[in-house]
Amino acid sequence: MEIAVISGKGGTGKSSISAAFATLQERVVLADCDVDAANLYLIFDPVNDNEQVYIAGQKASIDYNLCTNCALCIDYCSFDAIHLKATGPTSALKRVTIDEISCDGCKLCTRVCPANAIIMTDNDKSRMYSGTFRKGYMVYGRLAPGEENSGKLVNIVRDRAKKIADEYKIDITIIDGPPGIGCSVISSITGTDIIVVVTEPTISGLHDLRRTIELTCGFNSTTWVLINKFDLNREISDRIEEYCSQNKILFAGKLSFDARVVEAMVNCKSVIEYAPDSAISKEISQIWEKITHYK
Amino acid sequence: MPATISQKIKIAVASGKGGTGKTLISTNLFHTLYQLDEALVLVDCDAEEPDDLLFYKDASAANFNEQFGGKEIYDVKQSVPVIDESNCIYCGRCREYCSYNAIFLLEGIKTIRVIEDLCHCCGACSYACQSDAITTKERSLGVISRFVTGTNSSIIEARGKVGVYSPVPVIKAAVKAAGDDGIIILDSPPGTSCPFIQTVAIADFVILVTEPTPFGLSDLIQSVETLKTMNKNYGVIINRAGMGDDKIYSYLTQQKIPLLLEIPFDREIASLYSKGELLVKHKPEWRAIFMEMYNTIYSIHRYGNSSNQR
C-alpha cells in the first residue's frame, strides 16, 4: 500500500506527519519525494547504500571558435534564452550569448546552427539516494538548484521504493510529497492507494486546499484531508471541515498545535518517538488507523 | 533614504522550504511601502498556490497595458503541435528531435500522438517535419491578473491552471507585465528549482525567509548556495523565532549573511495571518520595522555591503 502525504500550501507540517506515520510502523519504505527540499533524512539519518546520478536534461552553450555570429539560433529559440550581448561592460562588440537560466535544453539551436557551434552539456548534479534507517528503508532525491524535471526524479525515487518494497516484502510505503500542485506533486500521487492532504486553518491554507482537491479529484486514490494546528484558528478549521463535508471529501481528523512536534525535529526524532505517550502521538496513530482501515 | 529620489529596485521574497512566511513578508512589506509614494507592484509568482490577494480583499481589478491585451486578465498560452495525419509519413523524425519524449509513435500501425503534458512547446518537431504535417494550436497554461490597491500600487497575480505541469511561462508573463520601474516585490514560489530561479534571476535583492528549525536551516543552506552562484545580494528573515534551536544564527554569523529581521513565534501574529489580516495594519509598530528593513535593503542594493560581497 502506498500512502502519499501532500499539502498544497507549504509548511503545514507534512514532513513531520510523514515522519510520525513512518515511525508507527514495524517496517516501512519511506520515499521523500520533496526533491526540491528533501528533509526527512535529517530526522532519520539513513545509511545510504546506493547513489544514482540523475540527468535533469541538458543546457546549451556556444563554442566561440566555431560560432559565426549569424544569430539564426536566436530566431528559433522558444525560451527567449539567446540574445546578442556585448562581450564586456565597455565593449561595442556584440555576440550571440545563451542565458543558462532560461535555456530549457530543447536542442533546437544545435539543429539549426549551420556552423555546429552549439554544445549540449548534461545537468548531472542531481542525485537519488537509497539506504536503510531505523524503521526500514529510505529513498530520497535531491534536485540540484535550478534544475527542472523534478517530476521525473520523483518517478525514479518511487520506482526504487517500489523495488525495495517488493524485494523485502514490506507492505507500507509512505511518500512525503512536495508542496504545490505542479509536476512533482502529480508524479508523487499518481497510482497511490491513499492521499493525505495536510492543511492548516488559515485562509491561504483553505484556498490552497481547494486547488489541491481539484487536482486529486482526477486520481483514483482515496483522498483524506487532515487539519494540522487546527486550534490556531478554530473558525477557519470549522470552515475546512464544512468544506470537506459539503464536497464529500473524507476527513481524517485534526491535530492541535504542539511545540513537541518541533522539539522532536530538533532532536532528530518524530513526535511518535519523542513523546510516545503524548496526546498528539495518540491522535496521529488514531488517524493512521482510520485512513488505513477505511473500506 | 530620502523619498524624493525615485527608487528603482526589484526585491524577491523567497524560501527553500514552503510555509516559512514568504506571503506574510511580501504582503506586509508591500503595504508598508505605500508611504514612499513610489510606483509599487507586488507580483505573486507562486503560480501553483497564489495567496497574496487574500490579504487585499478590497483590491479592484484593473486593465493591463496593450502588450498584455489591455484587459484585466491575460491568458498565458503556448503553441502545442498538432499532427495532420493525412500528411504524416510516420518517419519518426519529429520524435527524434523531441527532447521531452512528447511524441508517441508506433510506426507499425501508423499511430502518432502528441503528449501535450510533456510538450515544452520548443518547436523542434515542426522544424524536424519535412512533410508539412505539423501545425500548432494554442493551449492555456494559466492567467495573470492585475489589481489596483492604492494610487500608485498594484498587484499582479500569476495563477497556473490546475493540472498544468510547469508554472514557469505564467510566472515569466507576470514578471514581464510588472515592467521595470519603481519598486517591485516578487513573492517567489518555494524551492530552488526552475520556478524559483526564474523569479530571483531578475531580482536586485533576495530576502530569504526561514525558520529556526533543522528543516529550515537545511533548506536555507541550499538557497544560499544557489544565490551565491547567481551573484545576488541577499539577506535572511527568521520567522517564528524562539521555537526550534539556534544553529541558524551561528550559520548566518559564520557566512556573514545579514539578518534583516526576526519575527517571533506569536499566536497573535499567526492568528492575524490565518484570517488574511495584515500585521502592519493591526500592529502599527511593525510598519516602522518593515520600513527600516526596506531602507537597509535599498542601501545594500545602491551602495553595496562589504559583508555581503563575495
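What counts, and at which threshold
Residues numbered from 1 in each chain as written. Chains lettered and ligands numbered in written order. Predicted model: local features only at pLDDT ≥ 70, side-chain atom pairs only at ≥ 80, totals over all residues. Helix = DSSP H or I, 4+ residues; strand = E, 2+ residues; numbered from the N terminus. Buried ≥ 20, exposed ≤ 12 C-beta atoms within 10 Å, placed from the backbone. Contact = placed C-beta atoms within 7 Å. Nonpolar A, V, L, I, M, F, W, Y, C, P; charged D, E, K, R; others polar. Expected span 1.5 Å × (residues − 1). Pairing = 2+ DSSP bridges. Axes fitted to C-alpha atoms, helices over the stretch in contact; angles between N-to-C directions. Core = buried A, V, L, I, M, F, W, Y, C linked by C-beta atoms within 7 Å. pLDDT = per-residue confidence, 0-100. Domains from an automatic or database assignment. Parallel < 35°, antiparallel > 145°, perpendicular 65-115°, else oblique. Left-handed = near helix turned anticlockwise from the far one by under 90°.

**Things to note about the overall build of chain B**
Then comes step 1: Scanning chain B from N- to C-terminus turns up 10 helices and 12 strands.
Then comes step 2: With the C-alpha coordinates aligned to their principal axes, the bounding extent of chain B is approximately 70 × 40 × 40 Å.
Then comes step 3: Counting every position in chain B, which comprises 310 residues, the buried fraction comes to 47%.
Then comes step 4: Counting only contacts in chain B whose residues sit at least 6 apart along the sequence, the fraction spanning at least 24 positions is 74%.

**Some words on the overall build of chain A**
Then comes step 1: Helices and strands together make up the secondary structure of chain A, namely 11 helices and 13 strands.
Then comes step 2: Expressed as lengths along the three principal axes of its C-alpha atoms, the size of chain A is roughly 70 × 45 × 35 Å.
Then comes step 3: The buried share of chain A, reckoned over its 295 residues, is 52%.

**Some words on the interface of chain B and chain A**
Then comes step 1: Taken together, the contacts link 47 residues of chain B with 50 residues of chain A.
Then comes step 2: Contributions of two or more residues to the side of chain B that touches chain A are made by helix 3 (124-128), helix 5 (194-200), helix 6 (214-229) and helix 8 (267-274) of chain B.
Then comes step 3: A class-by-class count of the residues in the side of chain B that touches chain A yields 18 nonpolar, 21 polar and eight charged.

**Thoughts on helix 7 (residues 203-216) of chain A**
Then comes step 1: The end-to-end C-alpha distance of helix 7 of chain A, which contains 14 residues, comes to 20 Å, matching closely the 20 Å that a straight helix rising 1.5 Å per residue would cover.
Then comes step 2: On its buried face, helix 7 of chain A sits against strand 1 (2-7), helix 6 (183-189), strand 11 (194-199), strand 12 (222-227) and helix 8 (234-246) of chain A together with helix 1 (22-32) of chain B.

**Topic: the sheet that holds strand 9 (residues 136-142) of chain A**
All names here are of chain A.
Then comes step 1: The mixed open sheet is built from nine strands, whose spatial order is 3-8-9-2-10-1-11-12-13. Each of the sheet's edge strands pairs with one partner strand only, and the pair in question is strand 3 (47-54) and strand 13 (250-254). Mean inter-strand twist for the sheet, computed between neighbouring axes without regard to direction, equals 20°.
Then comes step 2: Sheet topology places strand 2 (residues 28-32) next to strand 9; five bridges connect them, and they run parallel.

**Thoughts on unusual backbone geometry**
Then comes step 1: In this structure, lysine 169 of chain A takes a positive phi of about 50° despite not being glycine.
Then comes step 2: Here lysine 169 of chain A lies in the loop between helix 5 (150-167) and strand 10 (173-179).
Then comes step 3: Judged by the 7 C-beta atoms lying within 10 Å of it, lysine 169 of chain A falls in the exposed class.
Then comes step 4: The phi angle at lysine 110 of chain B is positive, at roughly 45°, despite the residue not being glycine.

**A short note on the nonpolar core**
Then comes step 1: Counting residues in hydrophobic clusters, the biggest one holds 146 residues, and the most contacted among them are Val196 of chain A together with Val43 and Ala174 of chain B.
Then comes step 2: For this core, the element with the highest residue contribution is helix 4 (residues 168-177) of chain B, accounting for seven residues.
Then comes step 3: When residues no more than four places from it in sequence are discounted, the contact partners of valine 43 of chain B are Ile156, Ala174, Val175, Ala178, Ile184, Ile185, Leu186 and Asp187 of chain B.
Then comes step 4: Judged by nonpolar contacts, the second largest core, of 28 residues, contains Cys73 of chain A together with Cys94, Ala124 and Ile134 of chain B.

**Concerning the confidence of the model for chain B**
Residues and elements named next belong to chain B.
Then comes step 1: Taken over all residues, the pLDDT of chain B has a mean of 92, while the share at 70 or more is 96%.
Then comes step 2: Of the regions scoring below 50 in pLDDT, residues 306-310 engages in seven contacts with residues more than four places distant in sequence or in other chains.
Then comes step 3: Here the prediction assigns the complex a pTM of 0.89, and the interface score ipTM is 0.85.

**Some thoughts on the domain arrangement of chain B**
Then comes step 1: Partitioning chain B into domains gives domain 1 (9-75 + 144-308) and domain 2 (85-132).
Then comes step 2: Relative placement of domain 1 of chain B and domain 2 of chain B: their C-alpha centres are 41 Å apart.

**Structural notes on the packing of helix 1 of chain B against helix 10 (residues 285-303) of chain B**
Residue and element names in this part refer to chain B.
Then comes step 1: In contact at an axis separation of 9 Å, helix 1 and helix 10 are set at 90° when each is read in the N-to-C sense. By the angle class used here, helix 1 and helix 10 are roughly perpendicular. Seen from helix 1, the contacting residues are Asn28, Leu29 and Thr32; seen from helix 10, they are Trp286, Arg287, Phe290, Met291 and Tyr294.
Then comes step 2: Residues of the contact of helix 1 with helix 10, tallied by class, amount to five nonpolar, two polar and one charged.

**Considering the domain arrangement of chain A**
Then comes step 1: The domains assigned to chain A are domain 1 (2-55 + 126-292) and domain 2 (59-122).
Then comes step 2: Inter-centroid distance (C-alpha atoms) of domain 1 of chain A to domain 2 of chain A is 42 Å.

**A short note on the environment of aspartate 245 of chain B**
Then comes step 1: By the secondary structure assignment, aspartate 245 of chain B is in the loop between strand 11 (233-241) and helix 7 (247-255).
Then comes step 2: We classify aspartate 245 of chain B as partly exposed; it has 16 C-beta atoms within 10 Å.
Then comes step 3: As a C-alpha pair, aspartate 245 of chain B and proline 167 of chain B span 78 residues in sequence and 35 Å in three-dimensional space.
Then comes step 4: With near-sequence residues (within four places) excluded, aspartate 245 of chain B lies in contact with Val266 of chain A together with Pro212 of chain B.

**Some thoughts on the environment of serine 281 of chain A**
All names here are of chain A.
Then comes step 1: With respect to the secondary-structure elements, serine 281 resides in helix 11 (residues 279-292).
Then comes step 2: On the basis of neighbour counts, which here come to 23 C-beta atoms within 10 Å, the residue serine 281 falls in the buried class.
Then comes step 3: Counting along the chain gives 109 residues from serine 281 to isoleucine 172, while the straight-line C-alpha distance between them is 19 Å.
Then comes step 4: Once residues within four sequence positions are removed from consideration, serine 281 is found in contact with Val271, Ile272, Ala275 and Pro276.

**With respect to the packing of helix 6 of chain B against helix 7 of chain B**
Residue and element names in this part refer to chain B.
Then comes step 1: For the pair helix 6 and helix 7, interaxial distance at closest approach is 10 Å and the crossing angle is 20°. If you check the angle between helix 6 and helix 7, you find them roughly parallel. Note on packing geometry: the crossing formed by helix 6 with helix 7 is right-handed. Seen from helix 6, the contacting residues are Gly216, Leu217, Leu220 and Val224; seen from helix 7, they are Lys247, Ile248, Tyr251 and Gln255.
Then comes step 2: The residue inventory of the contact of helix 6 with helix 7, partitioned by class, reads five nonpolar, two polar and one charged.

**Structural notes on helix 5 of chain A**
All names here are of chain A.
Then comes step 1: Here helix 5 contains 18 residues, and its C-alpha end-to-end distance of 26 Å stays within 8% of the 26 Å for a straight helix at 1.5 Å per residue.
Then comes step 2: Those residues of helix 5 lying buried are Ser150, Gly151, Lys152, Leu153, Val154, Val157, Arg158, Arg160, Ala161, Ile164 and Ala165.
Then comes step 3: Structurally, helix 5 contributes buried residues whose contacts are with strand 2, strand 3, strand 8 (126-133), strand 9, strand 10 and helix 6.
Then comes step 4: Where helix 5 ends, the next residue or the one after it, lysine 169, has phi of about 50°, a positive value.

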